[in-house]
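# Summary of structural features
Take a look at the letters that make up each chain.
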Amino acid sequence: MHVVPSICTFCGVGCGLGVRVEDDRVVGVEPQPGHPISQGQLCSKGWATSFAIDPVNRLTSPLIKECGSFRRASWDEALTRISDEFHMALDELGPSGVGIISCARATNEDNYAAQKFARAVLGTHNIDHCARICHSLSVAGLLCTLGSGAMSNSIADIDQADLILIIGADVTENHAMIGARILRAQARGATVIVVDPRKTRLARLADIHLQLRLGSNIALFNGLLQIILANGWENQAFLATRCETIEPLRRHLARLTPEQTCASTGISIAELLQVAYLYSHANAAFTAYGMGITQFQSGTNNVVAVSNLVLACGQIGRPGTGINPLRGQNNVQGACDMGCLPNVYPGYQDANDRSVQEKFAAAWAAPIPQQPGLTSLGMSRAALHGQLRALMIMGEEPVLTDPDQHQVSKALQALDFLVVVELTLTETARLADVVLPAAAFAEKDGTFTNCERRVQRVRQAIAPPGEARCDWQILGALARRMGYAGMNWANAEALFDEMSALTPIFSAMSYAALDGHAGLQWPCDAAHPHGSPVLHEHSFPRGRARLLPVTQVAPDECPDAEYPFAFTTHRLHFHYGGGSMTRKSPLLERETPEALLFMHPADGAALSLHDQQAVRVRSRRGWLETRVHLTDDVPPGTLAMPYHFREAPCNLLTNSAQDPNSKMPELKACAVAVEPLPTGVLPRMPEAILLEGNHHAGL
Ligand SMILES: Nc1nc2c(c(=O)[nH]1)N[C@H]1C(S)=C(S)[C@@H](COP(=O)(O)OP(=O)(O)OC[C@H]3O[C@@H](n4cnc5c(=O)[nH]c(N)nc54)[C@H](O)[C@@H]3O)O[C@H]1N2
Ligand SMILES: Nc1nc2c(c(=O)[nH]1)N[C@H]1C(S)=C(S)[C@@H](COP(=O)(O)OP(=O)(O)OC[C@H]3O[C@@H](n4cnc5c(=O)[nH]c(N)nc54)[C@H](O)[C@@H]3O)O[C@H]1N2
Ligand code: SF4
Ligand SMILES: [Mo]
């Protein structure tokens, strides 16, 4: 047996793991000793990695759908078919009729190849990925206030903070090693404040839990800032030297009272005063947030409201402070950095900037797309209207993870051609015309970028199963088939070198430099050859930071007589995303084997429901059946459900109402009704996901 150093394939914490290999099989993993983030630990998902990538149930050859079922095909046949279909769509509709969804679970190298393929081969900016429904509005909101959308500080800064403010993030469950670090900080004396409508595990352990009303985030942050300004607790020196004028925001908040904030958030005036005082008086306050503020139609403004609070108190630009969006997927930071967004090239180089366009046109020897690109949900909408014909989805599971599942399936079925590149035959892959087998992280070389901008190496430990290949190799072969010779990299390192030569924030990075340093945090350039653990120490990328007045907006759908409950969705520690990887582990399945609807006991009593009773949950868009779990984790009137379970996919219910700036759908709030199923009736799997098509076994 030997051990290959690598990085965990699940969440954006980026823990270091060793892949244990015996007879070209991954037989287990172990924590990487001395790793700067995980410090010799892994969470239960990390420990279960070998199940996630096990060859059992993996795709091992290309598949082509004929008369509704899949058959094996050669790479040659599959690539010819994809090339023909893309050419046909391009002939009919031009570059706006084709698109790519890339993969925040795949490497930087895979993602760089995806956006280069979209732009240089297909000639389109229609390239996006799951950041759209995750932290795209952190990128948009913080770009507007600071000029950079990434985490401003490092995970290790938690050790230096004397106050830790966690907003809408279930850290002990979803960023487990960061959660553990926060609890250690609390044990040494730091104050922990959690803002969440649910009593999460961390909320129960925190010094203060602000259990605000679902979706009342802007009201809360405006209210806290109003108290701070009214008492003169703001950091005047920081405002004077580092920020544009605060006066419009001060005027905007002047008429607000703590009584009004209490009425709109449900938080008592005493708690508001206490938190406003503690936050503004902390020596170093580390602020982190998650999906509990981004997944709203007011998401960008929610981020701006947090940014206002941080800036007004000067809690940024020093060790132990900062505004820190906890990026979710293992490489979602990287997929954004690599330019898998419709409006930017790698390193956030503006797609509309003439000099950037000329640089990439020359380097790639390809004309540069001129039309603006579509977001992922924009591509779904275009497909429904016949304006998008051919789509490649590289490692995403939108059938389970995008809002309003009926609409998503309809959009994918409306395409002339769908190709999915995946590890297993997911619900989305079942809808495809062609499915291609991808290599998993332990089967390829490359890099992942964790939530604190740290680029780290993953290494090939075993061969991919059957004929599976790396995503970048697949895209390179397809590019050649379509007549473009600029994607023939000899290996992942050559690809990385092309990327870093074209991307200023990566210009001093190389595999050798990464190996020498346990990864490097961008910007890493001539001025910062060892990377940048803390951003914005002396100035912001936009010069002075901006404080912007924002106003509370209620969720698009609020409870009413027909749909009397507020409904929110979240994650569970033991499962991940659409579940395609964690649900292969018997250990993780044993912990949480099925979806549950979390309901307050008072609501249960009012509906005469007992714990574990089977219920039907309905929204304006669909229904599902599941079991109810009575718990005071949720407040009365609010129901919550995890999104990992295909048997009870909560995105049948969710609302696709969108944030106007970033097109983020409102995954965290809609309205539902609940009714008990007759005694003895088991919850049913809705027809919508009993999709046609072969099961992978036997192919
Ligand atoms: N175990 C596990 N870990 C994961 C993942 C996974 O699937 N499983 N996914 C990864 C990904 S992609 C991501 S993006 C991250 C996400 O990690 P988190 O951001 O922690 O994700 P969620 O659990 O969806 O939501 C966080 C919290 O927001 C709260 N919330 C809901 N509404 C509001 C509100 O109006 N205001 C406030 N303040 N809070 C609210 C919810 O109650 C919930 O506790 O996790 C990553 N890590
Ligand atoms: N209701 C509700 N819905 C949500 C959310 C929510 O909080 N509530 N959260 C949203 C968020 S934040 C996110 S990020 C999305 C996540 O949504 P997705 O990205 O769709 O979810 P995952 O399950 O991570 O799917 C990733 C797929 O990538 C595949 N994969 C892994 N590694 C590779 C690789 O190297 N190459 C290729 N080609 N494929 C690979 C896996 O097999 C898996 O099927 O879900 C969103 N949906
Ligand atoms: S905290 Fe995240 S990166 Fe670390 S082991 Fe767990 S899932 Fe993997
Ligand atoms: Mo995410």
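About the thresholds
- Residues numbered from 1 in each chain as written.
- Chains lettered and ligands numbered in written order.
- Predicted model: local features only at pLDDT ≥ 70, side-chain atom pairs only at ≥ 80, totals over all residues.
- Heavy atoms only, no water.
- UniProt positions renumbered as here; feature names shortened; annotations may be inferred.
- Helix = DSSP H or I, 4+ residues; strand = E, 2+ residues; numbered from the N terminus.
- Salt bridge = Lys/Arg side-chain N within 4 Å of Asp/Glu carboxyl O.
- Buried < 20%, exposed > 50% of the residue type's maximum accessible area, 1.4 Å probe, protein only.
- Near = heavy atom within 4 Å.
- Polar contact = N/O pair within 3.5 Å; in protein donor to acceptor, adjacent residues only side chain to side chain.
- Areas by Shrake-Rupley, 256 points an atom, 1.4 Å probe, with all protein chains shown as cover.
- Nonpolar A, V, L, I, M, F, W, Y, C, P; charged D, E, K, R; others polar.
- Domains from an automatic or database assignment.
- 1 Å grid on protein atoms, 1.4 Å probe; cavity = no way out; pocket = protein on both sides within 12 Å on 5 of 7 lines; lining within 4 Å.
- Points joined across faces, edges and corners; volume = space filled by probe spheres on them.
- Pairing = 2+ DSSP bridges.
- Contact = heavy atoms within 4.5 Å.
- Axes fitted to C-alpha atoms, helices over the stretch in contact; angles between N-to-C directions.
- Buried area = accessible area lost by both parts, 1.4 Å probe.
- Patch = residues over 30% accessible without salt bridge, like charges linked within 9 Å, V, L, I, M, F, W, Y side chains within 5 Å.
- Phe/Tyr/Trp six-rings, centres within 6.5 Å; stacked < 30°, edge-to-face > 60°.
- Lys NZ or Arg CZ within 6 Å of the ring centre and 35° of its normal.

The name that an unreviewed UniProt entry assigns to the protein is Formate dehydrogenase, with the source organism given as Pseudomonas chlororaphis. Heading Cofactor (unreviewed entry) of the UniProt record for the protein holds this comment: "Mo-bis(molybdopterin guanine dinucleotide)".

What follows deals with the UniProt feature "domain: 4Fe-4S Mo/W bis-MGD-type" (unreviewed entry) in the protein. UniProt's entry tags residues 1-57 with the feature "domain: 4Fe-4S Mo/W bis-MGD-type" (unreviewed entry), counted in the numbering of this structure. Between the end C-alpha atoms of residues 1-57 there is a gap of 24 Å, over a span that is 14% helix and 35% strand.

Attention now goes to the pattern of salt bridges. Between side chains of opposite charge, a pair can form when the charged atoms approach closely. Within this structure, the stated rule accounts for 37 salt bridges. Between R198 and D170 there is a salt bridge, with the nearest N and O atoms lying 3.0 Å from each other. Here the residue R198 occupies a position in the loop between β9 (191-195) and α8 (201-205), and D170 occupies one in the loop between β8 (163-167) and α6 (171-174), the gap between them amounting to 28 residues. Across the salt bridge formed by R542 and E244, the nearest N and O atoms sit 3.1 Å from each other. Of the two residues, R542 is situated in the loop between β20 (520-521) and β21 (565-570) and E244 in the loop between α10 (236-242) and α11 (247-254); the sequence distance between them amounts to 298 residues. The class for R542 is partly exposed, based on a relative accessible area of 28%. Judged by relative accessible area, which is 33%, E244 ranks as partly exposed.

Turning our eyes to something else, we now look at the site of ligand 1. Contacts to ligand 1 come from 35 residues, most closely from D196, G215, N217, R571 and H575. In this structure, R198 approaches ligand 1 through a side-chain N or O atom, which is 2.8 Å from an oxygen atom. Between ligand 1 and G577 there is a distance of 2.8 Å, counted from an oxygen atom to a backbone nitrogen or oxygen. The protein chains hide 99% of the 920 Å² of surface that ligand 1 would expose on its own. For the shell around ligand 1, the secondary-structure elements that each account for two or more residues are α6, α14 (291-294) and β21. Along the lines of polarity and charge, the residues of the shell around ligand 1 split into twelve nonpolar, 16 polar and seven charged. Each of domain 3 (136-325) and domain 4 (565-696) accounts for three or more of the residues forming the shell around ligand 1.

Let us look at empty space enclosed by the protein. Enumeration according to the criterion identifies six cavities of 30 Å³ or more in this entry. Computed from the structure, the second largest cavity encloses a volume of approximately 160 Å³. Around the second largest cavity, the lining is made up of 20 residues, and of these I101, S376, S380, P398 and D402 lie nearest the centre. Mapped by element, the contributors of at least two residues to the lining of the second largest cavity are α18 (376-384), β15 (390-394) and α20 (405-414).

In this section: the sheet that holds β20. Strand order in the open sheet made by the three strands is β18-β19-β20, with antiparallel pairing throughout. What marks the edges here is a single partner per strand, and that holds for β18 (446-449) and β20. In this sheet, strand β19 (residues 454-458) lies alongside β18 in antiparallel orientation, the contact comprising four bridges. Counted as the bridge partner of G446 is V458 from β19. Each of β18 and β19 touches helix α4 (residues 108-121); the most contacted strand, β18, lies at about 90° to it.

So, about the pairing of strand β23 (residues 614-618). A regular strand carries its side chains on alternate faces of the sheet. Burial of β23 is extensive: four of the five residues sit out of reach of the surface. The pairing of β23 with strand β24 (residues 623-630) spans five bridges and is antiparallel. Each bridged residue has a counterpart across the sheet, and for V615 the counterpart in β24 is T626. Hairpin connection, β23 to β24: the antiparallel pair is bridged by four residues. The pairing of β23 with strand β26 (residues 670-676) spans four bridges and is classified as antiparallel. In the sheet register, V615 faces β26, and the bridge partner there is P676.

Once that is clear, we can look at the site of ligand 2. Not every one of the 34 residues close to ligand 2 is listed here, only the nearest: E397, T401, E422, G578 and N651. Separating an oxygen atom of ligand 2 from a side-chain N or O atom of E422 is a distance of 2.7 Å. A class-by-class count of the residues in the shell around ligand 2 yields 15 nonpolar, eleven polar and eight charged. Two domains each donate at least three residues to the shell around ligand 2, and these are domain 2 (63-132 + 330-509) and domain 4 (565-696).

Turning our eyes to something else, we now look at the environment of G12. Following the sequence through the fold, G12 ends up in the loop between β1 (2-7) and β2 (16-22). Considered as a pair, G12 and A104 are 92 residues apart in the sequence and their alpha carbons are 9.8 Å apart. When near neighbours in sequence (up to four residues on either side) are disregarded, G12 contacts R327, G328, Q329, N330, N450 and C451.

Moving on to the domain arrangement of the protein. Segmentation of the protein into domains returns domain 1 (2-52), domain 2 (63-132 + 330-509), domain 3 (136-325) and domain 4 (565-696). Relative placement of domain 2 and domain 4: their C-alpha centres are 30 Å apart. Domain 2 puts 23 residues into the contact, and the matching count from domain 4 is 29 residues. For the pair domain 2 and domain 4, the two sides together bury roughly 2400 Å², of which 57% comes from carbon and sulfur. Interface area lost by domain 2 to domain 4 is led by L400, Q405 and R430, which between them contribute 23%. Across the contact surface, domain 2 and domain 4 share one salt bridge. Here domain 2 is connected to domain 4 by eight residue pairs in polar contact (both at pLDDT 80 or more). Put simply, the parts of the chain that give the side of domain 2 that touches domain 4 at least two residues each are β5 (69-72), α18, α19 (398-401), α20 and α21 (427-430). Across the side of domain 2 that touches domain 4, the residue classes break down as seven nonpolar, nine polar and seven charged.

Residues M1, V3 and V27 make up a contiguous nonpolar surface patch of about 280 Å² in total accessible area. When you line up the elements, V27 lands in strand β3 (residues 25-31).

Enumeration according to the criterion identifies 13 aromatic pairs in this entry. When the ring of F10 is compared with that of Y576, the centres are 5.4 Å apart and the planes differ by 50°; the resulting orientation is tilted. One end of the pair, F10, is in the loop between β1 and β2; the other, Y576, is in the loop between β21 and α25 (586-591), and 566 residues separate them in sequence. Residue F10 shares its accessibility class with Y576, and that shared class is buried. By the ring-pair criterion, three or more aromatic residues cluster together here, those being Y112, Y345, F360, W364, W472 and W489. Of note, R616 hangs over the ring of W623, and the distance from its end group to the ring centre comes to 4.0 Å.

This part takes up the sheet that holds strand β4 (residues 63-66). Neighbouring strands of a sheet are bound in pairs by backbone hydrogen bonds; such pairs are parallel or else antiparallel. The seven strands lie next to each other as β5-β4-β17-β16-β15-β6-β7, forming an open sheet whose pairing is mixed. On the outer flanks of this sheet lie β5 and β7 (127-128), each paired with one strand and no other. The sheet contact formed by strand β16 (residues 417-422) and strand β17 (residues 434-437) spans four bridges and is parallel. Of the residues in β17, the one forming a bridge with V420 is V435. Against the sheet, helix α3 (residues 75-93) makes contact with β4, β5, β6 (98-101), β15, β16 and β17, and its axis sits at roughly 130° relative to β17, the strand it touches most.

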